[in-house]
Amino acid sequence: EVYTDYFVDEEDFDKNHFRYKKLNIPEGVEEQPLAVPPVLKPDKETETDVWFTIESIEGESQILPGEKTKTWGYNAPLLGQTMVVEEGKRVHVTLKNSLPELTTYHWHGMEVPGPITDGGCHAPVYPGEEKQIEFTVNQPAALTWLHAHPCPSTAAQVWMGLAMGVVITDKNEAKLPIPKQYGVDEFPVIFQDRTYHEHNQLDYRADYDAMGVFGETPLINGTVRPYVDVTTQKVRLLFLGGSNRREWRLHFDDDLVMTQIAGDDSFLQHPVKMTKILVTPGERLQVVVDFGQYHDGDIVNLYTDDFKLIEFRIHKFMADNSVFPDTLFTPEIPEVDPSLPVRKVTMDAHNMMNGKQFAMQRIDMKQRVGQAEYWDVTNTNSKEHGMLHPFHIHGTHFLVVSRNGEKPFPNEIGVYKDTIPVRPGETVRLLVQFPLEGVFMYHCHIIEHEDAGMMAQIEVFDPDHPKTYKLMDMATL
Ligand code: C2O
Ligand code: CU
Ligand code: CU
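Residues numbered from 1 in each chain as written. Chains lettered and ligands numbered in written order. Predicted model: local features only at pLDDT ≥ 70, side-chain atom pairs only at ≥ 80, totals over all residues. Heavy atoms only, no water.

**Considerations on the coordination of the copper ion (ligand 2)**
Protein coordination at the copper ion (ligand 2): the donors are His 106 (NE2) and His 392 (NE2), at 1.9 Å from the metal. With His 106 in strand β8 (residues 106–108) and His 392 in strand β27 (residues 389–393), this residue pair connects regions lying 286 residues apart in the sequence. With respect to class, His 106 is no different from His 392; both count as buried. (Donors = N, O, S within 2.8 Å, 3.2 Å for Na, K, Ca; no water. Helix = DSSP H or I, 4+ residues; strand = E, 2+ residues; numbered from the N terminus. Buried < 20%, exposed > 50% of the residue type's maximum accessible area, 1.4 Å probe, protein only.)

**Quick notes on the sheet that holds strand β26 (residues 373–379)**
With respect to topology, five strands assemble into an open sheet ordered β24-β23-β26-β30-β28, the strand pairing being mixed. At either margin of the open sheet sits one strand with a lone partner, and together these are β24 (352–353) and β28 (398–403). Bridge count for β28 against strand β30 (residues 427–432) is five bridges, and the pairing is antiparallel. Residue Phe 398 lies in a different strand from β30, and its bridge partner there is Val 432. (Pairing = 2+ DSSP bridges.)

**Observations regarding the pattern of salt bridges**
Taken as a whole and judged by the stated rule, the model has 34 salt bridges. With a closest N to O distance of 2.9 Å, Arg 249 and Glu 247 form a salt bridge. The exposure classification of Arg 249 matches that of Glu 247, with both residues buried. One salt bridge in this structure joins Glu 426 and Arg 403, with 2.9 Å as the shortest N-O distance. (Salt bridge = Lys/Arg side-chain N within 4 Å of Asp/Glu carboxyl O.)

**Description of the domain arrangement of the protein**
Considered domain by domain, the protein is made up of domain 1 (15–170), domain 2 (178–314) and domain 3 (343–476). A separation of 26 Å is found between the C-alpha centroids of domain 2 and domain 3. Contacts between the two partners involve 26 residues from domain 2, matched on the other side by 20 residues from domain 3. Where domain 2 abuts domain 3, roughly 1800 Å² becomes buried across the two surfaces, and 51% of that area is made up of carbon and sulfur atoms. (Domains from an automatic or database assignment. Contact = heavy atoms within 4.5 Å. Buried area = accessible area lost by both parts, 1.4 Å probe.)

**Digging into the nonpolar core**
The biggest cluster of nonpolar side chains holds 49 residues, and the ones touching the most others in it are Ile 54, Met 83, Val 91, Val 93, Trp 107 and Phe 135. For this core, the domains that each give at least three residues are domain 1 (15–170) and domain 2 (178–314). Apart from residues no more than four positions distant in its own chain, Met 83 is found in contact with Leu 40, Phe 52, Ile 54, Val 91, Val 93, Trp 107, Met 164, Gly 165, Val 166 and Val 167. Membership of the second largest hydrophobic core comes to 41 residues, among which are Phe 13, Leu 23, Leu 302 and Phe 409. (Core = buried A, V, L, I, M, F, W, Y, C linked by side-chain atoms within 4.5 Å.)

**Let's talk about the coordination of the copper ion (ligand 3)**
For the copper ion (ligand 3), the full set of protein donor atoms is His 389 (ND1), Cys 444 (SG) and His 449 (ND1), and the range of their distances to it is 2.0 to 2.1 Å. Donor residues for the copper ion (ligand 3), ordered by position in the chain, follow H-x54-C-x4-H. Of this pair, His 389 sits in strand β27 while Cys 444 sits in strand β31 (residues 438–444), and the two are 55 residues apart along the sequence. This pair shows no difference in class: His 389 is buried, exactly as Cys 444 is.

See below:
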């Protein structure tokens, strides 16, 4: 079966809402090869441990013709390098801040303790300083990501470029017959949008909109008008919804089928074939595209709506008749004690969650470590005036149980997720279990909504070993 819709009704698309900005390509930009972030080299590695340094820096990037743009990045002037870590390894990271302001290093999708290692707003690294963290990778292969998360300037820092991919590999992935030559037949695809002002500079304040900031120029891995040389029949694309507000409604020429193999935090139990894919802020989806019907010299484009994003230039390739196994991954589905109440989380108008705005020193909920619970996450916006909110939880993954009591979307079944679009008036039931203790944030991943308060905190506790946390205050940052 091939699915041919976005699963979300057109009326809920971001383009039908407040102050939507259409995409355009500034004049004079030529097509250029897609930037592929280099793989981050460890400082040191042993059988069991690996050490990295991640430095936030200011830099300049040639994004448009003419003047360079001032940008920020991790060990790179813009975005960063791709960090690759193996399941089971102990990872030691030196977090260095060479920016003129404080920042934090949030591991979105990684199951690490909160609130310090997790890198949300309680873990600032001040300018000129560094901090050491360490954690063990104990989760399946996935594309997770690192981004800045200081409250309330996450959006502004991500806008400058502080986001990079963190790829987890494992034994299961190593065995799967899927493309895995990074930069050859496997490409990270970070979707973002930015507006460039005078002298080709960003101006987040000028573009600010509390409903969420759209940029006018699409950037893929920081490249405007990218092309990819295709030299193998099958290509694996690791999509990352990296924009502050914009959704990406992807589809190829000829309605070429994309076989989704992975979601946020794991492979899919069974691959799902689709001609259209929606990527909302914070989400990751991996697809394999088979260019077998094309020939040397052909061009196949990837679009969002009717706007061309990436040109795939087909070259000679060898026939590849490999077939996916029907089962890629076996999710663990924890049991929920039926006597437990279902948690209710609402994303409300005026950037509130459960009727309140975020407060750094307030714990909004508590859940026992290792205990599986249902969360009913409701978008209380009205169908007429509301918008879709992508809901995200730190420090764990979840399973999608139902949408308004019905089946989840086909590509949400049998996969670990940490970010999920919730439509106006919709309730999504999640099965949530935290593997580690700490204080963790959960929020809408439209970053302006989060910064403005559509965020809350949960304390994950072990009743036998109670802990107290020193939570920062906005004022003490
Ligand atoms: Cu990407 Cu608080 O998250
Ligand atoms: Cu996160
Ligand atoms: Cu939102």
